[in-house]
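# Chains, contacts and geometry: an overview
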Amino acid sequence: MAGLSKSRLKTMDSEKMDRAVASSYILGIDTALGTASVAILRNDELVAYRKDAILNRQAECLEPMVKQCLQEAHIGYGKVSGIAVTRGPGSFTGIRIGMAFALGLRFVYQMPVWCVDTFDSIACACYEEGLVTGAQEFCIVVPTGGASGGTFYVQHYTTGLQQKDRPRCEIG
């Protein structure tokens, strides 16, 4: 979520998201791929970021990471206008942790929650880092299996970072 931007949040209701991002803070949460990361953006600029690279610690590290980011941004939950959270594909447990945390904040602070496709988040990060251009086709592979591996999702993108077809699950 480090490079989270308006382009990355394209799966959201565009009009509502544009209003929220234009004048306020957005909390980004990613727990879909076995690790956790948190970001705070203001006016499409990264204000704070934390990542825990140790696998399967999302439940224990998510709340402290959010608090650290809020402190770094010098704001409280009341200043956050909305939450963007990855919806998968990814680790079933990780997705549930991120979603539950985001929905808990939504309930308490009455803020909107937007779901971000894991593939779109990765595709936009690749684009923003210059790893792909908007003029080329590419595929993203997301492994979701446990220690034994074997399960992964594939998404094909066409030019302009558009998904060519529905993601497919492969078991190998």
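Our structure's up above, just so we're on the same page.
Residues numbered from 1 in each chain as written. Predicted model: local features only at pLDDT ≥ 70, side-chain atom pairs only at ≥ 80, totals over all residues. Heavy atoms only, no water.

### Remarks on the nonpolar core
Leu27, Ile29, Ile40, Val66 and Ile83 are the most contacted members of the largest nonpolar core, which has 28 residues in total. For this core, the secondary-structure elements that each account for two or more residues are strand 1 (25-30), strand 2 (36-42), helix 2 (58-73), strand 4 (80-88) and helix 3 (92-109). Take this core: its biggest share by element is seven residues, from helix 2. Listed in part, the 10 residues of the second largest apolar core include Phe119, Cys124, Cys126 and Tyr157. (Core = buried A, V, L, I, M, F, W, Y, C linked by side-chain atoms within 4.5 Å. Buried < 20%, exposed > 50% of the residue type's maximum accessible area, 1.4 Å probe, protein only. Helix = DSSP H or I, 4+ residues; strand = E, 2+ residues; numbered from the N terminus.)

### Description of the pairing of strand 1
Most of strand 1 is tucked away, with six of its six residues classed as buried. Taking every second residue as pointing to the same face, both faces of strand 1 are buried, with Tyr25, Leu27 and Ile29 on one and Ile26, Gly28 and Asp30 on the other. Bridge analysis of strand 1 against strand 2 gives six bridges, and the strand direction is antiparallel. Residue pairing for strand 2: isoleucine 29 is matched across the bridge by valine 38. (Pairing = 2+ DSSP bridges.)

### Brief notes about the environment of alanine 39
Locating alanine 39 in the fold gives a position in strand 2. Take alanine 39: its relative accessible area is 0%, and that puts it in the buried class. Distance from alanine 39 to alanine 84, taken between C-alpha atoms, is 9.5 Å for residues 45 residues apart in sequence.

### Brief notes about helix 3
Here helix 3 contains 18 residues, and its C-alpha end-to-end distance of 26 Å stays within 8% of the 26 Å for a straight helix at 1.5 Å per residue. Every buried residue of helix 3 is accounted for by Gly94, Ile95, Ile97, Gly98, Met99, Phe101, Ala102 and Leu105. Considering only its buried residues, helix 3 is in contact with strand 1, helix 2, strand 4 and strand 5 (113-117). Within two residues after helix 3, glutamine 110 carries a phi angle of roughly 55°, on the positive side. (Expected span 1.5 Å × (residues − 1). Contact = heavy atoms within 4.5 Å.)

### With respect to unusual backbone geometry
The step from glycine 88 to proline 89 runs through a cis peptide bond, and the omega angle for that step is 10°. Looking at the secondary structure, you find proline 89 in the loop between strand 4 and helix 3. One non-glycine residue, aspartate 44, adopts positive backbone phi at about 70°. By secondary structure assignment, the location of aspartate 44 is in the loop between strand 2 and strand 3 (45-52). Judged by its relative accessible area of 30%, aspartate 44 falls in the partly exposed class. If you check the backbone angles, asparagine 56 has positive phi at about 60° while not being a glycine.

### Observations regarding the pattern of salt bridges
On inspection of all chains with the given rule, the structure shows five salt bridges. Close ionic contact of glutamate 72 with arginine 50 constitutes a salt bridge, the shortest N to O distance being 2.6 Å. Of this pair, glutamate 72 sits in helix 2 while arginine 50 sits in strand 3, and the two are 22 residues apart along the sequence. Looking at arginine 50, the relative accessible area reads 27%, which means it is partly exposed. Residues arginine 87 and aspartate 117 are paired through a salt bridge, measuring 3.7 Å at the closest nitrogen-oxygen approach. In this pair, arginine 87 is assigned in strand 4 and aspartate 117 in strand 5, connecting sequence segments 30 residues apart. (Salt bridge = Lys/Arg side-chain N within 4 Å of Asp/Glu carboxyl O.)

### Considering the packing of helix 2 against helix 3
With their axes 10 Å apart at the nearest point, helix 2 and helix 3 run at an angle of 35° to one another. In the packing of helix 2 onto helix 3, the handedness of the crossing is right-handed. Where helix 2 approaches helix 3, its residues Gln58, Ala59, Leu62, Glu63 and Val66 are matched on the opposing element by Gly94, Ile97, Gly98 and Phe101. When the residues that make up the contact of helix 2 with helix 3 are grouped by side-chain class, the tally is five nonpolar, three polar and one charged. (Axes fitted to C-alpha atoms, helices over the stretch in contact; angles between N-to-C directions. Left-handed = near helix turned anticlockwise from the far one by under 90°. Nonpolar A, V, L, I, M, F, W, Y, C, P; charged D, E, K, R; others polar.)

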